[in-house]
Amino acid sequence: ETGVTQTPRHLVMGMTNKKSLKCEQHLGHNAMYWYKQSAKKPLELMFVYNFKEQTENNSVPSRFSPECPNSSHLFLHLHTLQPEDSALYLCASSQLAGGQGTQYFGPGTRLTVL
Amino acid sequence: QQQVKQSPQSLIVQKGGISIINCAYENTAFDYFPWYQQFPGKGPALLIAIRPDVSEKKEGRFTISFNKSAKQFSLHIMDSQPGDSATYFCAATTQYNQGGKLIFGQGTELSVKP
């Protein structure tokens, strides 16, 4: 699990706040992902980056803004969120993007929007 | 057509029993079917995976059974142990398509009673 780290592990924010989630992978992978995990629902893919370039935006609202400065780091900038955005946000990485290769997940950031 | 349907939503099994989780899919282009295991406070981790050219894959106490004609696959946990208590997700993807995404089932919360 130390292959993919996420900070913070827990975050409580108001609807007018701006915060950022950070993900770092130590596996030498080229692809990174953001997923949203809500109770009793399948994991929802949000964004995919391959070699620092965004290759997938799964119709995510603009209040979520990803950033990938290099293949090892991925950020999710949050602003003016809604209470329904409360969920576990998971970062993952894989050697290559798409269906190839195993995805390795971080422990997630538990986000609560008040 | 991109959905993967997973059942049951929750499962309680006695120690030493067999746990069975089922998944069904529609997209015949899927060619890789992994199972992920998630413990509380952790991200999902790959448990076992199968390709449709075989009908069964076994790794220790974990077995995937695959029925290509029925478009169904299942996870069997033999001699279930309390340490197996976790949430299990099936998934499907097109492995050799760079744009392929991992499509997850809704998850099954397994509790193994001592």
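Each remark here, short or long, concerns the structure printed above.
These notes cover the structure that comes with them. Each chain has its residues counted from 1, running along the sequence as written. Numbering of ligands from 1 and lettering of chains from A proceed in the order in which they are written. Under the rules for a predicted model, residues below a pLDDT of 70 receive no local features and side-chain atom pairs below 80 are neither given nor counted, while totals for whole chains, interfaces and linings still include all residues. Heavy atoms from the whole structure form the basis of all side-chain values; hydrogens and water molecules are not counted.

1. Things to note about the layout of surface pockets
Next, step 1: A cavity here means a set of 1 Å grid points, computed over protein atoms only, where a 1.4 Å probe fits but cannot escape. A pocket is an open set with protein on both sides within 12 Å along at least 5 of 7 lines, and lining residues have an atom within 4 Å of a point. Grid points are joined across faces, edges and corners, and a volume is the space filled by probe spheres set on the points. Considering only enclosed or pocket space, the largest pocket measures out at about 540 Å³ in volume.
Next, step 2: Forming the walls of the largest pocket are 26 residues, and the residues nearest its centre are Q37(A), R110(A), Q38(B), T87(B) and E109(B).
Next, step 3: Contributing elements (two or more residues each) for the lining of the largest pocket: β9 (86–92) and β11 (108–113) of chain B.
Next, step 4: Of the residues assigned to the lining of the largest pocket, the class counts are 8 nonpolar, 12 polar and 6 charged.
Next, step 5: For the second largest pocket, the calculated volume is near 290 Å³.
Next, step 6: Along the walls of the second largest pocket sit 13 residues, with P42(A), L43(A), Q2(B), I103(B) and F104(B) positioned nearest its centre.
Next, step 7: Gly is put with the polar residues, along with every residue not named as nonpolar or charged; the nonpolar set is Ala, Val, Leu, Ile, Met, Phe, Trp, Tyr, Cys and Pro, and the charged set is Asp, Glu, Lys and Arg. Its residues assigned to classes, the lining of the second largest pocket comprises 8 nonpolar, 3 polar and 2 charged. Helix and strand assignments come from DSSP, with helices taken as H or I runs of at least 4 residues and strands as E runs of at least 2, each series counted from the N terminus.

2. Section: the state of the cysteines
Next, step 1: Only a pair of cysteine sulfur atoms within 2.5 Å qualifies as a disulfide here. According to the stated counting rule, one finds 2 disulfides over all chains in the structure shown.
Next, step 2: Each sulfur of the disulfide joining C23(A) and C91(A) lies 1.9 Å from the other. Judged by the torsion about the S-S bond (-70°), the C23(A)/C91(A) disulfide is left-handed. Here the residue C23(A) occupies a position in strand β3 (residues 18–25), and C91(A) occupies one in strand β9 (residues 87–94), the gap between them amounting to 68 residues. With respect to burial, C23(A) and C91(A) carry one shared label: buried.
Next, step 3: Across the disulfide from C23(B) sits C90(B); the S-S distance is 1.9 Å. Between C23(B) and C90(B) the sulfur-sulfur dihedral comes to about -95°; the bridge is accordingly left-handed. Separated by 67 residues along the polypeptide, C23(B) in strand β3 (residues 19–25) and C90(B) in strand β9 bring together distant segments of the chain. The pair C23(B) / C90(B) is uniform in exposure class, with both members buried. For every residue, the accessible area (1.4 Å probe, protein chains only) is compared with the maximum for its type, and the residue is labelled buried under 20%, exposed over 50%, or partly exposed between those bounds.

3. Description of the pattern of salt bridges
Next, step 1: The salt bridge criterion pairs a side-chain nitrogen of Lys or Arg with a carboxyl oxygen of Asp or Glu, the two atoms within 4 Å. On inspection of all chains with the given rule, the structure shows 6 salt bridges over all chains.
Next, step 2: The salt bridge partner of K41(A) is E44(A), with a shortest N-O separation of 3.6 Å.
Next, step 3: The class of K41(A) is partly exposed, set by a relative accessible area of 41%.
Next, step 4: Between K57(B) and E59(B) there is a salt bridge, with the nearest N and O atoms lying 3.7 Å from each other.

4. Comments concerning the sheet that holds strand β8 (residues 73–79) of chain A
The strands that make up a sheet pair up through hydrogen bonds in the backbone, lying either parallel or antiparallel.
All names here are of chain A.
Next, step 1: Read from one edge to the other, the open sheet built from 4 strands follows the order β1-β3-β8-β7, with strand pairing classed as antiparallel. Two strands in the sheet have a free side with no partner beyond their single neighbour: β1 (4–7) and β7 (64–70). Sheet twist, expressed as the mean angle between neighbouring strand axes with direction ignored, is 20°.
Next, step 2: Paired strands are those between which DSSP finds at least two bridges. As paired elements, β3 and β8 share 7 bridges and run antiparallel to each other. By the bridge assignment for β8, L21 is matched with L76. Lines fitted to C-alpha atoms define the axes, with helix axes restricted to the stretch in contact, and inter-axis angles between N-to-C directions lie between 0 and 180 degrees.

No statement about biological role is implied by the geometric values presented.
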